[in-house]
Amino acid sequence: MASNTKKAEFNAKKQLEQVEDQFQTVQILNEDGEVVNEAAMPDLNDEQLQELMRRMVYTRILDQRSISLNRQGRLGFYAPTAGQEASQLASQFALEKEDFILPGYRDVPQMIWHGFPLAQAFLWSRGHFQGGNIPEGVNVIAPQIIIGAQIIQAAGVALGMKKRGQKTVAITYTGDGGASQGDFYEGINFAGAYKAPAIFIVQNNRFAISTPVEKQSAAKTIAQKAVAAGIPGVQVDGMDPLAVYAVVRDARERAINGEGPTLIETLTYRYGPHTMAGDDPTRYRTADLDNEWEKKDPLVRFRKFLEKKGIWNEEMENEVIEKAKEDIKEAIKEADNAPKQKVTDLISIMYEEMPQNLEEQYAIYKEKESK
Ligand SMILES: Cc1ncc(C[n+]2csc(CCOP(=O)(O)OP(=O)(O)O)c2C)c(N)n1
Ligand SMILES: [Mg+2]
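All residue numbers here refer to positions counted from 1 along the written sequence of the relevant chain. As they are written, the chains are lettered A onward and the ligands numbered 1 onward, keeping that order. Given that the model is predicted, a residue must reach a pLDDT of at least 70 before its local features are reported, and side-chain atom pairs must reach 80 or more before they are shown or counted; all residues, however, enter totals for whole chains, interfaces and linings.

> Explain the overall build of the protein chain residue by residue, including any values.
When its secondary structure is counted, the protein chain shows 16 helices and seven strands. Radius of gyration here is computed from C-alpha atoms only, and the compact-globule reference equals 2.2 Å multiplied by the residue count raised to the power 0.38. Over its C-alpha atoms the protein chain spans a radius of gyration of 22 Å, differing by no more than 12% from the 21 Å that the globule rule assigns to 371 residues. Expressed along its principal axes, the backbone C-alpha trace of the protein chain runs to roughly 85 × 55 × 45 Å. Here the protein chain, with 371 residues, has 41% of them falling under the buried criterion. Contact between two residues is assigned when their C-beta atoms, built from the backbone, lie within 7 Å. Long-range contacts, defined as pairs at least 24 residues apart, comprise 76% of the intrachain contacts of the protein chain with a sequence gap of at least 6. The numbering of helices and of strands both runs from the N terminus, where a helix is a DSSP run of H or I of at least 4 residues and a strand a run of E of at least 2. With C-beta atoms placed from the backbone, the exposure class of a residue follows from how many other C-beta atoms lie within 10 Å of its own: 20 or more, buried; 12 or fewer, exposed; in between, partly exposed.

As structure tokens, then:
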């Protein structure tokens, strides 16, 4: 017979509420570009703040141009990024060049700012082998298409860094949908158990293609999923570049000091469609929701903040826009001039030492291509 005292001791509902209460959204800049959390302000000088703004403006143009290029048939796969600039670029801005990025398909901007050439990003979009051939010294891998697979890979890369005694981190990105995958739980659990210096970013843009986040999980936050892995979880305003920078920088510090991984949920929104392959967001999102999120725009609030400080103006912004357009024009030309790819190219870049079965196929194709 269960007694009433027992019932009171085991209050499952309260347990859940207590967990959820711990995941309040970190914000530094509000929608009007005002500092609402001075104590959390990251240590960035004026030049660094301007550079972060430049990158966000540049990337917004890159997104617009990529969408046009895709519609003209000059790019292949493209997953729009507008709306997610703070989440993507401020998190990359908190890294060092030696850190390793394991991106998802929407995370091409972070790769570019980590040193991956734009022309190669365009080639990746076209499925050209040179798009997956990462230059030496650029610590990224090609974007992951399998949802959640990069979480496990990041745990492994981070553990490798730890074993080599490197003071670096592996950072990986997935979406709200990715946080429902088995790989996600396995990856954060493993990294937690081995105190691997990993940073797991879940960009919660509220939709996995057309499925709203509320339908994917009963958890009120994605950040709280960290609790089960025994690692810290932080939910941050993903439209606020300063807050994103601050939490990622903090996670990086703890990781390189041997304190293990962190799960970071960035609350963000993608203004465009899921990809350019043809989904229609008006069939799964309301105009009201779009408007609500556009008011939170990361560029608008950061611009206001910088203008108030007197370190940003229209002329500077126009300069960045022109530079972006120029770079994109050059990069697409370079991509157009890439050699037509052969099957042997695809095979030869896959492994340092070719396995026997591929050697056989390589020989067959080499023969065919010589005719
Ligand atoms: C293992 C796996 N299952 C399904 C898919 C098909 N798929 C591609 S994108 C996507 C939605 C992912 O949504 P989310 O993780 O929220 O990322 P977002 O696209 O919003 O950035 C799905 C289900 C896939 N690529 N891989
Ligand atoms: Mg999503």
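> Break down the site of ligand 1 for me, with residues and values.
The criterion for a residue being near a molecule or strand is simple: its C-beta atom, placed using the backbone, must lie within 6 Å of it. Inspection of the region around ligand 1 gives 15 residues, with Ile147, Gly175, Gly177, Gly178 and Ala208 positioned closest. Contributions of two or more residues to the shell around ligand 1 are made by strand S2 (170–175) and strand S4 (207–208). We call Asp, Glu, Lys and Arg charged. Ala, Val, Leu, Ile, Met, Phe, Trp, Tyr, Cys and Pro are nonpolar, and the rest, Gly among them, are polar. For the shell around ligand 1, the per-class residue count stands at six nonpolar, seven polar and two charged.

> Tell me about the pairing of strand S7 (residues 262–267), residues and numbers included.
In regular strands, side chains alternate between the two faces of the sheet. S7 sits mainly inside the fold: six of its six residues count as buried. Pairing of strand S6 (residues 233–237) with S7 involves five bridges; the strand directions are parallel. By the bridge assignment for S7, Val234 is matched with Ile264. By convention, orient the strands away from the viewer: a clockwise path from the first strand over the helix to the second makes the crossover right-handed. Handedness of the crossover joining S6 and S7 through helix H11 (residues 241–256) is recorded here as right-handed. In short, DSSP must find at least two bridges between two strands for them to pair.

> Account for the UniProt feature "domain: Dehydrogenase E1 component" (unreviewed entry) in the protein chain, naming residues and giving values.
UniProt positions are given in the numbering used here, feature names are shortened, and annotations may be inferred rather than shown by experiment. UniProt annotation of "domain: Dehydrogenase E1 component" (unreviewed entry) refers to residues 53–343 when read in the numbering used here. Helix makes up 47% of residues 53–343 and strand makes up 11%, while its end C-alpha atoms are separated by 41 Å.

> Can you break down the domain arrangement of the protein chain residue by residue, with the values?
In terms of domains, the protein chain is made up of domain 1 (22–338) and domain 2 (341–371). Domain extents, as shown, originate in an automatic or database domain assignment. The gap between the C-alpha centroids of domain 1 and domain 2 is 35 Å. Each partner contributes to the interface: domain 1 provides four residues, whereas domain 2 provides four residues. Residues of the side of domain 1 that touches domain 2, tallied by class, amount to one nonpolar, three polar and no charged.

> So what's going on with the UniProt feature "coiled-coil region" (unreviewed entry) in the protein chain? Which residues, and what values?
Mapped onto this numbering, the UniProt entry annotates "coiled-coil region" (unreviewed entry) at residues 314–341. Across residues 314–341, the secondary structure splits into 82% helix and 0% strand, with the terminal C-alpha atoms separated by 43 Å.

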